[in-house]
Every structure is written in C-alpha cells, then in structure tokens.
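Examination of the molecular architecture
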Amino acid sequence: MHTYQPGMLFLPFQTPGYRTLADIQRPNTDFVGPGVEYRCERATDIDTAQRRVTTDQGSHAYDWLVLALGSRTLPEVIDGLVERWGRQAHGFYTPDSALRLAGALQRFQGGDLVIDIAEMPIKCPVAPLEFACLVDDYLTQRGLRSKTELTLVTPLTGAFTKPICNEVLTDMLVEKGVKVIPNASLAAVTDNTIVCPDGKAVPYDLLVTIPPHEGST
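The paragraphs below set out a description of the structure included in this document. This one's a predicted model, so the numbers in the text were calculated from it and none came from an experiment. (Residues numbered from 1 in each chain as written. Predicted model: local features only at pLDDT ≥ 70, side-chain atom pairs only at ≥ 80, totals over all residues. Heavy atoms only, no water.)

**Examining helix α3 (residues 127–141)**
In this model α3 runs 21 Å from its N-terminal to its C-terminal C-alpha over 15 residues, within 8% of the 21 Å that 1.5 Å per residue would give. Of all the residues in α3, the buried ones are Ala-127, Pro-128, Leu-129, Phe-131, Ala-132, Val-135, Asp-136, Tyr-138 and Leu-139. Looking at the buried residues of α3, the elements they touch are α2 (95–107), β8 (111–117), β9 (148–153), α4 (163–175) and β14 (206–210). Of the residues trailing α3, Gly-143 is marked for its positive phi of about 75°. (Helix = DSSP H or I, 4+ residues; strand = E, 2+ residues; numbered from the N terminus. Expected span 1.5 Å × (residues − 1). Buried < 20%, exposed > 50% of the residue type's maximum accessible area, 1.4 Å probe, protein only. Contact = heavy atoms within 4.5 Å.)

Here you go:
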C-alpha cells in the first residue's frame, strides 16, 4: 500500500477527505504504468560489485539501481515514551499514531498541549509548525483555545532551520499565542512532564511528539 504521507497531518483533525486510512492509502499497483514489473519484496542484500539485489524471494540483476530507503520513527529510544505512546503521548508521523491522536484531540478539553521535536533531523521539518497552526485553529473552533497553553519545544534555536525562516516563523507562532522553547531536545517523558537533557522540564496534559528518526537499514 502507498500512504500519502502529507495526509497524516490532517487525520488528527478529521477534516473532510482525511478521516480514515482508506482516505490516504492506495495499492501501489494503481501507480505503476504499463511496461513496469512491480515486485513487493524485502531487500536483504545489495552487491554493488556484481550489480545484484537479493530479496526474500530471489535475486535481481541491475544496470542502474535507484534507492529510496526512507526512514522510521524510534519512540523506543526516548526514556518513558513507549510506555505512554498512544495514551498521554501521541504523534502523526505514522498512520496508526495519527488516528490515535484524532481520538485524543476529540477528548481534549483544555490544558497544556505540548508539541515536541525530540531531535533533528526529521523528515518534513515544517510539519510540526503546520500542526501547531492546525491545532490552533482546531482549538479555536471548539472554543478551547483560551483554555489551552500551546507550546512548541524544539532542539533548534527557533521554529525552523534556516535563519530568515526561523525568525519569520517563530514570530508567526508567537503572534498566535504559541510559546516556543528553543534549544531543547527530548531526554525522557513522564506521565505529565517532558524532560530535556539539561534538566529543563515542561508540563503537559496532551503531548504530541515527533520521535527521533532513523534511516532504513
């Protein structure tokens, strides 16, 4: 199955067209044109000297090899995060976590909502900022924005990576009433607090975190 990854940013808010996995997933064969042989196999070895890829179902010779290995999130490397994943702590970088976050947002009635970037790099660095804007609007529509302290915790010096964008986007979030805590990566998660390596602690009632990323191996 192909998952339209940008759609996972909208699943938590249950916007029209983004309410179930069926809305953002299609069989890969739907996108493969005529003249292309599509194989769904797990690669186990790449021999660049012999120009051959070994999979769990066979071996394939190649003249040119194009790799798109992707990445995966690793909530298990943050102390205390796995134990709270899908309950107090949520994400939107996988289909399952995005749907669980939808339920958590529907149950949320105000309090400390923390958006946390555990570490860099991550895929689509702007997604946490998009989520901040979307949840700001979502809470406003539900009449909960004035009852919510919305915070972005980031290991960057501000909202984004590039200096000019960082300044502009940080100011934008501040204007929306989003508190930005910079230079703060994630070391541990407790039932109601995230803890940074320097000991800084940020309380939360609902935690939305982007876990560390790792390239596929």
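**Some thoughts on a nonpolar patch on the surface**
Side chains of Ile-46, Leu-65, Leu-67 and Leu-69 sit close together on the surface and give an oily, nonpolar patch of about 340 Å² of accessible area. By the secondary structure assignment, Leu-69 is in the loop between β5 (58–61) and β6 (71–73). With relative accessibility at 53%, the residue Leu-69 sits in the exposed group. (Patch = residues over 30% accessible without salt bridge, like charges linked within 9 Å, V, L, I, M, F, W, Y side chains within 5 Å. Areas by Shrake-Rupley, 256 points an atom, 1.4 Å probe, with all protein chains shown as cover. Salt bridge = Lys/Arg side-chain N within 4 Å of Asp/Glu carboxyl O.)

**Looking at the packing of aromatic side chains**
Under the counting rule described, the total for this entry stands at five aromatic pairs. Between Phe-92 and Tyr-93, the aromatic rings sit 5.2 Å apart at their centres with planes inclined by 50°, giving tilted as the arrangement. Take Phe-92 and Tyr-93: they sit in the same class, and that class is buried. Between Phe-92 and Phe-131 the ring centres are 5.0 Å apart and the planes differ by 10°, which places this aromatic pair in the stacked class. On the criterion of sequence distance, the pair formed by Phe-92 in the loop between β7 (89–90) and α2 and Phe-131 in helix α3 is long-range, its members being 39 residues apart. (Phe/Tyr/Trp six-rings, centres within 6.5 Å; stacked < 30°, edge-to-face > 60°.)

**Some remarks on the packing of α3 against α4**
A pair of packed helices is captured by two measures, namely the crossing angle of their axes and the spacing between those axes. Relative to each other, α3 and α4 sit at 20°, their axes nearing to 11 Å. Between α3 and α4, the interaxial angle falls into the category roughly parallel. As for the relative orientation of α3 and α4, their crossing is left-handed in sense. Across from Leu-129, Ala-132 and Cys-133 in α3, the residues of α4 making contact are Leu-169, Met-172 and Leu-173. Here the residues of the contact of α3 with α4 are counted per class, giving six nonpolar, no polar and no charged. (Axes fitted to C-alpha atoms, helices over the stretch in contact; angles between N-to-C directions. Parallel < 35°, antiparallel > 145°, perpendicular 65-115°, else oblique. Left-handed = near helix turned anticlockwise from the far one by under 90°. Nonpolar A, V, L, I, M, F, W, Y, C, P; charged D, E, K, R; others polar.)

**Quick look at α2**
If you check α2, its first and last C-alpha atoms are 19 Å apart, about what 13 residues at 1.5 Å a residue would give, namely 18 Å. Those residues of α2 not exposed but buried are Pro-95, Ser-97, Ala-98, Leu-101, Ala-102, Gly-103, Ala-104 and Leu-105. In the core, the buried residues of α2 are packed alongside β1 (2–3), β2 (25–26), β7, β8, α3 and β14.

**Re the nonpolar core**
Phe-92, Leu-105, Leu-113, Ile-115, Phe-131, Val-135 and Leu-173 are the most contacted members of the largest nonpolar core, which totals 34 residues. Going through the elements one at a time, α2, β8, α3, β9 and β14 are the ones with two or more residues in this core. With seven residues, the top contributor of residues to this core is α3. Those residues in contact with Leu-113 that lie beyond four places of it in its chain are Leu-105, Phe-108, Val-135, Leu-139, Thr-148, Glu-149, Leu-150, Thr-151, Leu-206 and Val-208. (Core = buried A, V, L, I, M, F, W, Y, C linked by side-chain atoms within 4.5 Å.)

**Let's talk about the sheet that holds strand β12 (residues 193–195)**
The strand order across the open sheet built from three strands is β11-β12-β13, with neighbouring strands paired in antiparallel fashion. Every other strand in the sheet has two partners, leaving β11 (188–189) and β13 (201–203) as the edge strands with one partner each. Summarising the sheet, β12 and β13 pair through three bridges and their orientation is antiparallel. From the neighbouring strand, Thr-193 faces β13, where its bridge partner is Pro-203. (Pairing = 2+ DSSP bridges.)

**Side note on unusual backbone geometry**
In this structure, Pro-121 follows Met-120 across a cis peptide bond, with omega equal to 5°. You can see Pro-121 is positioned in the loop between β8 and α3. Positive phi, normally seen in glycine, also occurs at Arg-51, with a value near 50°. Inspection of the secondary structure assignment puts Arg-51 in the loop between β3 (43–47) and β4 (52–55). A residue is classified by how much of its surface remains accessible, and Arg-51, at 45% relative accessible area, is partly exposed.

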